[in-house]
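# What the coordinates show
If you want the building blocks of each chain, they are given just below.
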Amino acid sequence: MGYPDTFEGFVVDSPKTYSTFHKAELTPKPFEDHDVDVQIECCGVCGSDVHTVTGGWGEFEGPLCVGHEVVGKAVKVGKAVKLVKEGDRVGVGAQVWSCLKCDVCKSKNENYCPHLVDTYNAKYPDGSTAHGGWANYIRAHEYFVFPLPSALKSESAAPLLCAGLTTYSPLVRADIGPGKTVAILGIGGLGHLALQWAKALGAEVYALSHSAHKVEDAKKLGAKEVILTNKEDWSKDLAFKFDMILNCADATDKFDLKTYMSTLKVGGQFHLCGLPDNPLPQLKAFDLVGNAAKLTGSHLGNRQEMEAMLQLAADKGIAPLIETLPLGEKGCKEAVERLQKGDVRYRFTLTDFDKAFGQ
């Protein structure tokens, strides 16, 4: 058939063939009054994509089209849509629907709606499948489609739609700003953005990393000091230092959490942004009571936080460090395999969608 009845995307069939992509036809949900169709220009590559296609977050039934850092043009808007106009350059992140009726949604926490629909590998209430952004089009509820400030370049805006929001939201919800001291743990795809947000919000910012080769990057991105956690007694002089540790690393299962907790101020929080495949290390209750430390986590952010984050990026010139790859069987394979090895500084954006789909 073709658009608007069907979309095309690059898909994998199972975790066993997680980097073998091929083009396939995708059937979107039925178009409704609050829906927006976006013709995709580019899409970021997120750690979530790798966790999903490899089966790290659970088995899936293919064909699966991932990608939830979507930038493109709104080409069709439902008759009830008020937040987006046809022709707008927009972004779609890692959520495409929520009920917007429950108490959770009404409290501006739609990213925690018990009925939420993720951008891919998810089902709508009517049983339709949500397909990701490594495709020619995506369909989403208007509340999860965001007009982009003109100052943001498309390739750089894409990673903000998941990695950006995922790191920005917990910082603002913890009131990180002037007078606060925050540590960003793990300087990679998430952490290099978190450093920039924390600095822009006015906090005193430190980077925690085991990678000496990232020291200069971390300082340029906003860290007052970089603390190398693979050095002996690295935490010796850091007791009661941080209001918050924002953990952006993917290897949390290998951490000595007791040591990290000891660096928090009374009531400070160790907050999980990265979502590793493996369980967290074991903790004893005594590891938390010495400073009333909190172990917390979050999922994305709400619409108001997305809008504020995008505007902050435009106003302050905040952008991810990216490498672009052309969308296609080869480009998708390279992106997934290299990201799995950590061979990227610090995000990939897939481009050339017009060439991939002959548009």
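Located above this text is the structure these notes cover.
The following refers to the structure shown.

Here the focus is the packing of aromatic side chains. Counted under the stated rule, the structure contains 12 aromatic pairs. Aromatic pair Phe21 and Trp134: ring centres 5.5 Å apart, planes at 40 degrees, arrangement tilted. Of this pair, Phe21 sits in the loop between β1 (7-11) and β2 (22-26) while Trp134 sits in the loop between β9 (129-130) and β10 (137-141), placing them 113 residues apart in sequence. The same class applies to Phe21 and to Trp134, which are both buried. Ring geometry for Phe353 against Phe357: centres 6.3 Å apart, planes inclined by 55 degrees, an arrangement best described as tilted. By way of ring pairs, the aromatic residues Trp234, Phe255, Tyr260 and Phe270 are connected into one cluster. Sitting above the plane of the Tyr124 ring, Lys29 keeps its charged end 5.4 Å from the centroid. Taking NZ or CZ as reference, Lys76 lies 4.2 Å from the ring centre of Phe31, over its face.

With 52 residues, the main nonpolar core has Val92, Trp134, Val145, Leu327 and Leu350 as its most contacted residues. The element best represented in this core is strand β3 (residues 35-45), accounting for five residues. Those residues within four positions of Val145 in sequence are excluded, and the remaining contacts are Val36, Val38, Val84, Val90, Gly91, Val92, Ala140 and Arg303. Judged by nonpolar contacts, the second largest core, of 48 residues, contains Tyr168, Ile176, Cys248 and Leu300.

Of the pairings in the sheet, the one linking strand β4 (residues 70-77) to strand β5 (residues 89-92) comprises four bridges and is antiparallel in character. Bridge pairing in β5 links Gly72 to Val90. Relative to strand β11 (residues 145-147), β5 runs antiparallel, the two being bridged by three bridges. For Gly91, the partnering residue across the bridge sits in β11 and is Phe146.

Another aspect to go through is the pattern of salt bridges. One pass over the full model with this rule turns up 14 salt bridges. Salt-bridge contacts for Lys85 lead to Asp88; the nearest nitrogen and oxygen are separated by 3.6 Å. Lys85 gets classed as exposed once you look at its relative accessible area, which sits at 56%. For Asp88, a relative accessible area of 16% corresponds to the buried category. What you see here is one network of salt bridges that share partners, running through Glu323, Glu334, Arg338 and Asp343.

All told, the structure shown has two cavities of 30 Å³ or more when counted by the stated rule. Lining the largest cavity are 14 residues; nearest its centre among them are Phe144, Phe146, Leu165, Gly301 and Met306. Among the residues forming the lining of the largest cavity, the class breakdown is eight nonpolar, four polar and two charged. Volume-wise, the second largest cavity comes out at about 80 Å³. Considering the residues around the second largest cavity, the lining is formed by Phe7, Pro28, Lys29, Val96, Thr119, Tyr124, Thr129, Ala130, His131, Tyr137, Ile138 and Arg139. Those elements that provide at least two residues to the lining of the second largest cavity are β9 and β10. Take the lining of the second largest cavity: its biggest share by element is three residues, from β10. Residue composition of the lining of the second largest cavity, by class: seven nonpolar, three polar and two charged.

What counts and what doesn't
Residues numbered from 1 in each chain as written. Predicted model: local features only at pLDDT ≥ 70, side-chain atom pairs only at ≥ 80, totals over all residues. Heavy atoms only, no water. Phe/Tyr/Trp six-rings, centres within 6.5 Å; stacked < 30°, edge-to-face > 60°. Helix = DSSP H or I, 4+ residues; strand = E, 2+ residues; numbered from the N terminus. Buried < 20%, exposed > 50% of the residue type's maximum accessible area, 1.4 Å probe, protein only. Lys NZ or Arg CZ within 6 Å of the ring centre and 35° of its normal. Core = buried A, V, L, I, M, F, W, Y, C linked by side-chain atoms within 4.5 Å. Contact = heavy atoms within 4.5 Å. Pairing = 2+ DSSP bridges. Salt bridge = Lys/Arg side-chain N within 4 Å of Asp/Glu carboxyl O. 1 Å grid on protein atoms, 1.4 Å probe; cavity = no way out; pocket = protein on both sides within 12 Å on 5 of 7 lines; lining within 4 Å. Points joined across faces, edges and corners; volume = space filled by probe spheres on them. Nonpolar A, V, L, I, M, F, W, Y, C, P; charged D, E, K, R; others polar.

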